[in-house]
Amino acid sequence: NAFEEVTSIQIPIYFLAGKYDYTCNFGLQKEYYEFITAPKKEFYVFDNSAHSPIYEEPGAAAEIIRMIICLAIYINQNILFQMILFCLSSVDFGKK
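Please read these numbers as outputs of a predicted model, since none were measured by experiment. (Residues numbered from 1 in each chain as written. Predicted model: local features only at pLDDT ≥ 70, side-chain atom pairs only at ≥ 80, totals over all residues. Heavy atoms only, no water.)

A. Quick look at the overall build of the protein. In terms of helices and strands, the protein carries four helices and two strands. Reading the helices (α) and strands (β) of the protein from amino to carboxyl end gives α-β-α-β-α-α. Across the 96 residues of the protein, 19% fall into the buried class. A sequence separation of at least 24 residues applies to 64% of the contacts in the protein between residues at least 6 apart. As displayed, the protein offers around 7,300 Å² of accessible surface, 62% of which is attributable to carbon and sulfur atoms. (Helix = DSSP H or I, 4+ residues; strand = E, 2+ residues; numbered from the N terminus. Buried < 20%, exposed > 50% of the residue type's maximum accessible area, 1.4 Å probe, protein only. Contact = heavy atoms within 4.5 Å. Areas by Shrake-Rupley, 256 points an atom, 1.4 Å probe, with all protein chains shown as cover.)

Structural data, given as C-alpha cells:
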C-alpha cells in the first residue's frame, strides 16, 4: 500500500494519468498525488487514454515529457551557474 509505504519522496514526481485507466485507477492516482509530499509534483491528465498515454496520445505525452526534461535542465543549469558564481566570488584574481 503506497499510502503507508511511500508518504514522501525527495525528488520531483510526475503523474501521467489516463482518464480511462482501470489498471491503475484514475481516482486513486489523483488521491495519491494529493497525498504524497515531494519538492515538486505535477499531475497530467490524458482525456483520451487508458493505461498507456505515451502510446495512446503520443504527441501530448511527448510534449509533457519534453517540458519536464527542459525544466530539469534549466533548474540544474541555474544551480550550476549559481555555484560557479559563488566559487568565482571567493577567488582572488590578483586584482589590486
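B. Structural detail: the pairing of strand S1 (residues 13-18). Bridge count between S1 and strand S2 (residues 41-46): six bridges; the pairing is parallel. Along S2, the bridge assignment pairs Phe 15 with Phe 43. Note that the unit made of S1, helix H2 (residues 26-35) and S2 has a crossover that is right-handed. (Pairing = 2+ DSSP bridges. Right-handed = clockwise from strand over helix to strand, strands pointing away.)

C. Just the pattern of salt bridges, in detail. Overall, the coordinates contain two salt bridges when judged by the stated rule. Linking Glu 42 and Lys 40 is a salt bridge whose minimum nitrogen-to-oxygen distance equals 2.9 Å. Residue classification places Glu 42 among the partly exposed positions, given a relative accessible area of 26%. One salt bridge in this structure joins Arg 66 and Glu 63, with 2.7 Å as the shortest N-O distance. With Arg 66 and Glu 63 both in helix H4 (residues 58-89) and three residues apart, the pair spans about one turn of that helix. (Salt bridge = Lys/Arg side-chain N within 4 Å of Asp/Glu carboxyl O.)

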